[in-house]
Amino acid sequence: FEAFLSAQRARAASVAPPGADSWRARRLAHPADASFAAELAEIGDKPMTDALLFAYYCFCGSDWAGDVAFALAKAGAADGDEPELTVTFALSGASLALSCRRGRTAKKVACTVACERQVLLDVLSGRFELTAALVSGQMSADNFTAMMAFKRAFKFDRGAYDEFVELQAKEGAAAVNF
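Throughout what follows, the structure given in this document is the object of discussion. Bear in mind the structure is a predicted one, so any value in this text is a computation, not a measurement.

## Some details on the packing of helix 3 (residues 34-43) against helix 4 (residues 46-58)
Contact geometry for helix 3 and helix 4: axes closest at 9 Å, N-to-C directions at 155°. With respect to helix 4, the axis of helix 3 lies roughly antiparallel. Contact with helix 3, carried on its side by F36, L40 and I43, involves M48, T49, L52, L53 and Y56 of helix 4 and no other residues of that element. Tallied by class, the residues present in the contact of helix 3 with helix 4 amount to seven nonpolar, one polar and no charged.

Here you go:
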């Protein structure tokens, strides 16, 4: 198993963009673009905005290409209800595109994940490990292989997230780097 993990890490590192070892380096080298800024502004949810921006900077590259859509339900919503928000991560080698929209995505994706907003926040902020969220039933995915590829493509660390949020607060609106 350790050999498998080492091989997976080596493969992910081979497609990682320069400076991918640090969210700070990626933030400086690859600031989020204006269209993503506009989408984040429309969400109107500061914790989610911070978590998505942090996720953008934590992307380390992927040996898998595809789209993973997180359909975020309101707390207590029934299965099949329209999601409040859909966040789509489009992974392709060393590039990542994020999009957010109210309701369902019209785009065909490789994996759809259903969860509550707080569960995704906890995963992106490093408070809750993605595999644990899946195993505990707090997230459900229709493509487990895609979820494991998604997991390998990011370094979600609680300490780094807390540092990122602190930096965002300290620098104010200018810290978003748009």
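## Re the nonpolar core
Grouped together as the largest cluster of nonpolar side chains are 49 residues, with contacts concentrated most on L52, F70, F89, M139, M147 and F154. At nine residues, helix 4 tops the list of elements feeding residues into this core. Beyond its immediate stretch of four places on either side in the chain, M139 contacts F70, V113, A114, C115, V119, L120, V123, L130, A133 and L134.

## What to know about helix 8 (residues 158-171)
Side chains that are three or four residues apart share a direction in an α-helix, a result of its 3.6 residues per turn. With 14 residues, helix 8 ought to run about 20 Å at 1.5 Å a step, and its terminal C-alpha atoms sit 20 Å apart, in line with that. Every buried residue of helix 8 is accounted for by A160, Y161, F164, L167 and Q168. For helix 8, the angular spread of buried residues about the axis comes to 125°, placing them on one side. Residues of helix 8 that are exposed and point over 90 degrees away from its buried face: E166, A169 and K170. In the core, the buried residues of helix 8 are packed alongside helix 2 (23-29) and helix 4. Between a side-chain oxygen at the N-terminus of helix 8 and the backbone nitrogen of G159 the separation is 3.2 Å; the capping residue is D157.

Each value, and the rule that gives it
Residues numbered from 1 in each chain as written. Predicted model: local features only at pLDDT ≥ 70, side-chain atom pairs only at ≥ 80, totals over all residues. Heavy atoms only, no water. Axes fitted to C-alpha atoms, helices over the stretch in contact; angles between N-to-C directions. Helix = DSSP H or I, 4+ residues; strand = E, 2+ residues; numbered from the N terminus. Parallel < 35°, antiparallel > 145°, perpendicular 65-115°, else oblique. Contact = heavy atoms within 4.5 Å. Nonpolar A, V, L, I, M, F, W, Y, C, P; charged D, E, K, R; others polar. Core = buried A, V, L, I, M, F, W, Y, C linked by side-chain atoms within 4.5 Å. Buried < 20%, exposed > 50% of the residue type's maximum accessible area, 1.4 Å probe, protein only. Expected span 1.5 Å × (residues − 1). Arc of directions from axis to C-beta. Polar contact = N/O pair within 3.5 Å; in protein donor to acceptor, adjacent residues only side chain to side chain.

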